[in-house]
Amino acid sequence: MSSYDTAWVAMVPSSNSPQSPCFPKCLQWLLENQHLDGSWGLPGHIPSLMKDSLSSTLASVLALKRWNIGEEHMNKGIQFIKSNVSFATDENQHPPIGFNIIFPGMIGYANDLGLHLPLSSSTIDDMMQKRDQELKRCSTNFSGNRAYLAYVSEGLGKLQDWTEIMKFQRKNGSLFNSPSTTAAALMHGYNAKGLDYLWSLIEMFGNAVPTAYPLRLRTCLSLVDNVERLGIARHFRDEIKNILDETYRSWLQDDDEIFLDTATCAMAFRLLRIYGYNVSSQAENTLKFPMHADLERIEHRRTMESFRVDSIQILKSAYRNIDNQDFLELAVEDFQSSQLTYREELKNLERWIKENRLDQLKFARQKLTYCYFSAAATLFPPESSDARIPWAKNGVLTTVVDDFFDVGGSQEEMIQLIELVEKWDGDVVDCCSEQVEIIFSALYNTINDLGTRASSIQRRSVTSHIIEIWLALVKSMMRESEWLKNNAVPTLDDYMTNGCISFALGPIVLPTLYFVGPEISEDVIRSPEYSNLFKLMSTCGRILNDVQGFEREGNEGKLNSVSLLVLNGHGKVSVEDAKREMRDKIDHSRRELLRLVLQTEGSVVPRECKDLFWKMSKILHVFYMRNDGFTSPKEMLNAVNAVIYEPLNVTSV
């Protein structure tokens, strides 16, 4: 409950008898809820919120003086104000909204009531100067300024056009869902709807009112946002669905509680879109996703380590959030359990590498940790092991095959590897080299095993599709090898068409789709939507790699999208121009990818599957944020440690 808002409600006169209060129970609540030091407001003064205590105390003193009751309480409150008034001009204090207008305005109202506060003239002059500066700043005829001045009306008194501000009255009778603003308006003129709003609060909450109502939807959405950011949303699927269903109904009805509060509207829009509800992006012009380069598990860790279980929010007065201790404890337990699972899975994958002799291939980069990290950072629940393992194994295998076609294999070896994948009979007797035998055997054993597991989940054979994905990859890598060997210069379109496959996301992401839950029919994997999701994700990855690896690949004699743009520009396109153009293409592809992921109408690819394309896009943006982080031996170590190895630094659990 808000002492500040309750005090303003207590000042509303009765419509039948203006010399008596309309809400005497609010006065009684004020008498019963004064603190021992004479103040009103949140119990246990928070050092940075003294302005809130001063505001709540002065409003309560005014309410008592308005009806000439509680003289002893008034005197104690005045003494508190006198002893702490220096905080009113302290810039280090967190002020309630509108404090520089409302607090001096209440001092003026005190004078009107014949209540002369024992404050020095210099202190009052200083506050009045700040008030004048604030009013001058808001003097332009901008709609936001008009709304703000209407919201802080209780600090304006006779300066306010009380008829004009009733244009801001909402369907529920309130002004801005604020009991204090509504009460101040009723002190200057009768309004039945406004009075009904205040009576509804008294009936709902008893003898006091909150600082804003309704605030329930915003609070519920904040809960959803919290459990999302803590990484424990999967434990509350039913509760989240109920909240979002209600939010969606309110959205469709143009409910004031959503659309007249910017923070609530933004949160509702983001959460509804992420969970697949059909809300138009025309509500904030376009959907911008600033988290496109942030991995979920790292965000969860960051949230836990900075999470305040007893946080304070400030509107016109301060209020406490609900106790989030249980949520934090669940999130920490979940994260710690996940780390144990990750480390055990990594050990098993290390054994898999040795069993398949992949560690004997001297030309191949050893990137198991990075490959596994990319899965754990997004497919993070411990129970998602069936999806993490294919992602990580295929990530290792694509790295090996990429290095084989880049530096490790001869022309004869590359041709034979493609032939072995085409035949897929497991016969490695006549291999031309041991490294071809090692690579194909690892592919054959791993893909068949994953195919069997996936087929069991999908209730149809999908092994041939996984082989098809791998065959397309090795052929695309062979084509790039031939371009390099023959000093060929492909067109940019040919390069990108081939490069979206050779970038090797297909074997990582597409087989993993079979392990995330939904059954995926042959029609789905042959659909334009499925193809577009893959193309957009791969376009982002291909160009991100090209932009960051331009210099290195140029030194190796390789062409990529950046160098092709420069060549095709015939001296008119600089490297920076080319990079800028390709970054624009990344932005466009990323936005289009997100649009497809969130689209529900006409979509045939299950949402759980579409999410994987977006998750991979986020991983790519992280790896290639500053340089080629996948190739670098150190660039991603901090992120890897944060997800897999380092203990949480949480002190409040």
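Just so it is clear, the model here is predicted, and its values are computed rather than measured.

S.K.: It is not clear to me how a nonpolar patch on the surface should be interpreted in this structure. Could you clarify?
M.R.: There is a patch of nonpolar side chains on the surface, built from M1, M204 and F205 and spanning about 290 Å² of accessible area. Following the sequence through the fold, F205 ends up in helix α9 (residues 192-205). Look at F205 and you get partly exposed, because its relative accessible area is 32%.

S.K.: How should helix α27 (residues 607-623) be read in this particular structure?
M.R.: One turn of the α-helix equals 3.6 residues, which is why residues spaced by three or four share an orientation. Its 17 residues place the ends of α27 25 Å apart at the C-alpha level, agreeing with the 24 Å of an ideal helix rising 1.5 Å per residue. For α27, the tally of buried residues reaches 14 of 17 residues, placing the bulk of the element in the interior.

S.K.: Help me understand helix α3 (residues 50-66), please; the structure alone is not making it clear to me.
M.R.: The end-to-end C-alpha distance of α3 is 24 Å, a good match for the 24 Å that 17 residues give at a rise of 1.5 Å each. Within two residues after α3, N68 carries a phi angle of roughly 55°, on the positive side.

S.K.: Looking at this structure, I do not really get the nonpolar core. What am I missing?
M.R.: Within soluble globular proteins, side chains that are nonpolar generally end up buried alongside one another. Membership of the largest hydrophobic core comes to 112 residues, with the highest contact counts inside it found for F373 and F405. In this structure, F405 is in contact with M414, L417, I418, V474, M477, M478 and S481, ignoring residues within four places of it in sequence. Counting residues in each nonpolar core, the second largest holds 63 residues, with A7, I81, V85 and V152 among its members.

S.K.: What exactly am I supposed to notice about the packing of helix α21 (residues 492-502) against helix α25 (residues 561-568) here?
M.R.: Packed helices, taken two at a time, are described by the angle their axes make and the gap between the axes. Here α21 crosses α25 at 175°, and the two axes come no closer than 10 Å. The angle between α21 and α25 falls in the class roughly antiparallel. In this structure, α21 uses L492, Y495 and M496 to contact α25, whose residues at the interface are S561, L564, L565 and N568. Residues that form the contact of α21 with α25 fall into these classes: five nonpolar, two polar and no charged.

S.K.: Help me out: how do you make sense of the packing of aromatic side chains in this one?
M.R.: The geometry of an aromatic ring pair is captured by the separation of the ring centres together with the interplanar angle, meaning the angle of the planes. Throughout the structure, instances matching the rule amount to 22 aromatic pairs. Taken together, a centroid distance of 6.1 Å and an interplanar angle of 45° make the contact between F363 and F404 tilted. One end of the pair, F363, is in the loop between α15 (325-355) and α16 (368-376); the other, F404, is in helix α17 (residues 385-408), with 41 residues separating them in the sequence. A single burial state applies to F363 and to F404, both of which are buried. With a centroid separation of 6.2 Å and an interplanar angle of 85°, the aromatic rings of F373 and F623 are classed as edge-to-face. Of this pair, F373 sits in helix α16 while F623 sits in helix α27, and the two are 250 residues apart along the sequence. By the burial criterion, F373 is buried, and F623 matches it. Counting every residue linked through ring pairs, the aromatic cluster contains Y370, F373, F623 and F630.

S.K.: Is there a simple way to explain the layout of surface pockets in this structure?
M.R.: Rolled over the atoms, a probe as big as a water molecule pinpoints where empty space is left. For the second largest pocket, the calculated volume is near 1100 Å³. Lining the second largest pocket are 46 residues, with D402, D406, R542, N545 and E553 positioned closest to its centre. When residues of the lining of the second largest pocket are assigned to their parent elements, the largest contribution, nine residues, is made by α17. Among the residues making up the lining of the second largest pocket, the classes are represented as 23 nonpolar, 11 polar and 12 charged.

S.K.: Explanation requested: the pattern of salt bridges in the structure shown.
M.R.: Side chains carrying opposite charge are able to pair once their charged atoms draw close together. Throughout the structure, instances matching the rule amount to 36 salt bridges. Across the pair R229 and D225 runs a salt bridge whose closest N-O atoms are separated by 3.0 Å. With R229 and D225 both in helix α10 (residues 216-229) and four residues apart, this pair spans about one turn of that helix. Measuring nitrogen to oxygen at the nearest pair gives 3.5 Å for the salt bridge that ties E522 to R460. With E522 in helix α23 (residues 522-525) and R460 in the loop between α19 (434-458) and α20 (463-485), the pair connects residues that are 62 residues apart, well separated along the chain.

S.K.: Looking at this model, I keep getting lost on the packing of helix α1 (residues 3-10) against helix α2 (residues 24-32). Mind explaining?
M.R.: Between α1 and α2, whose axes approach to 8 Å, the crossing angle comes to 140°. Relative to α2, the element α1 lies oblique. Note on packing geometry: the crossing formed by α1 with α2 is left-handed. Where α1 abuts α2, its residues S3, T6, A7, V9 and A10 lie against C26, L27, W29 and L30. Here the residues of the contact of α1 with α2 are counted per class, giving seven nonpolar, two polar and no charged.

How each quantity is defined
- Residues numbered from 1 in each chain as written.
- Predicted model: local features only at pLDDT ≥ 70, side-chain atom pairs only at ≥ 80, totals over all residues.
- Heavy atoms only, no water.
- Patch = residues over 30% accessible without salt bridge, like charges linked within 9 Å, V, L, I, M, F, W, Y side chains within 5 Å.
- Areas by Shrake-Rupley, 256 points an atom, 1.4 Å probe, with all protein chains shown as cover.
- Salt bridge = Lys/Arg side-chain N within 4 Å of Asp/Glu carboxyl O.
- Helix = DSSP H or I, 4+ residues; strand = E, 2+ residues; numbered from the N terminus.
- Buried < 20%, exposed > 50% of the residue type's maximum accessible area, 1.4 Å probe, protein only.
- Expected span 1.5 Å × (residues − 1).
- Core = buried A, V, L, I, M, F, W, Y, C linked by side-chain atoms within 4.5 Å.
- Contact = heavy atoms within 4.5 Å.
- Axes fitted to C-alpha atoms, helices over the stretch in contact; angles between N-to-C directions.
- Parallel < 35°, antiparallel > 145°, perpendicular 65-115°, else oblique.
- Nonpolar A, V, L, I, M, F, W, Y, C, P; charged D, E, K, R; others polar.
- Phe/Tyr/Trp six-rings, centres within 6.5 Å; stacked < 30°, edge-to-face > 60°.
- 1 Å grid on protein atoms, 1.4 Å probe; cavity = no way out; pocket = protein on both sides within 12 Å on 5 of 7 lines; lining within 4 Å.
- Points joined across faces, edges and corners; volume = space filled by probe spheres on them.
- Left-handed = near helix turned anticlockwise from the far one by under 90°.

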